[in-house]
Amino acid sequence: MKLYFDVSSCSLSPHIALREAGLDYELEWVDLNTLTTASGVDFNQINPKGYVPVLELDDGQFLTEGVPMVQYIADLAPEANLIPPVGSIERYRVAEWLADLTGEGTVCS
Ligand SMILES: N[C@@H](CCC(=O)N[C@@H](CS)C(=O)NCC(=O)O)C(=O)O
């Protein structure tokens, strides 16, 4: 797998998940000003949405959006206990936290 990232960005959470999962991965920095990767690839070809993080899977697919990405990574390494099992209420609590973290995070009056 390869994580397309930028420093000080939301690509940090899948990077942490990859490390905690103990998985093999590569990193490739993306210049978000020019939308070009460190190896010179047009990033628009990788993610037409123009943002990181992007996870390139071993079969060549690209996965975008941090929330499903960290769940995918966690599911690849069940022994690391990063996410509760499918079907458990605790799994939906994690989804609840992730949605809150990436959503409004504010109280509507
Ligand atoms: N919905 C995306 C948002 C990703 C996002 O906002 N990425 C920022 C870095 S934290 C980015 O790449 N911004 C580049 C830009 O907007 O030009 C996710 O949750 O992964």
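Remember, it's a predicted structure, so these values are computed and weren't measured experimentally.

Analysis parameters
- Residues numbered from 1 in each chain as written.
- Predicted model: local features only at pLDDT ≥ 70, side-chain atom pairs only at ≥ 80, totals over all residues.
- Near = placed C-beta within 6 Å.
- Nonpolar A, V, L, I, M, F, W, Y, C, P; charged D, E, K, R; others polar.
- Axes fitted to C-alpha atoms, helices over the stretch in contact; angles between N-to-C directions.
- Helix = DSSP H or I, 4+ residues; strand = E, 2+ residues; numbered from the N terminus.
- Parallel < 35°, antiparallel > 145°, perpendicular 65-115°, else oblique.
- Contact = placed C-beta atoms within 7 Å.
- Buried ≥ 20, exposed ≤ 12 C-beta atoms within 10 Å, placed from the backbone.

Q: Quick question: what am I supposed to make of the site of the ligand here?
A: Every residue near the ligand is listed here: Ser-9, Cys-10, Leu-32, Gly-50, Tyr-51, Val-52, Pro-53, Glu-65, Gly-66 and Thr-102. Partitioning the shell around the ligand into residue classes produces 5 nonpolar, 4 polar and 1 charged.

Q: Help me understand the packing of helix α1 (residues 12-21) against helix α2 (residues 66-76), please; the structure alone is not making it clear to me.
A: Two measures define how a pair of helices packs: the angle their axes make with one another and the distance between the axes. Packing of α1 against α2 brings their axes to within 9 Å, and their N-to-C directions diverge by 5°. Classified by the angle their axes make, α1 and α2 are roughly parallel. Taking contact as the criterion, the partners of Ser-13, Pro-14, Ala-17, Leu-18 and Ala-21 in α1 are, on α2, Gly-66, Met-69, Val-70, Ile-73, Ala-74 and Leu-76. The class makeup of the residues in the contact of α1 with α2 is 9 nonpolar, 2 polar and no charged.

Q: So what exactly am I meant to see when it comes to the environment of Arg-93 here?
A: Turning to its location among the elements, Arg-93 is positioned in helix α3 (residues 89-102). The class for Arg-93 is exposed, based on 11 C-beta atoms found within 10 Å. In the structure, Arg-93 is positioned 10 residues away from Ile-83 in sequence and 10.0 Å away in space, judged by C-alpha atoms.

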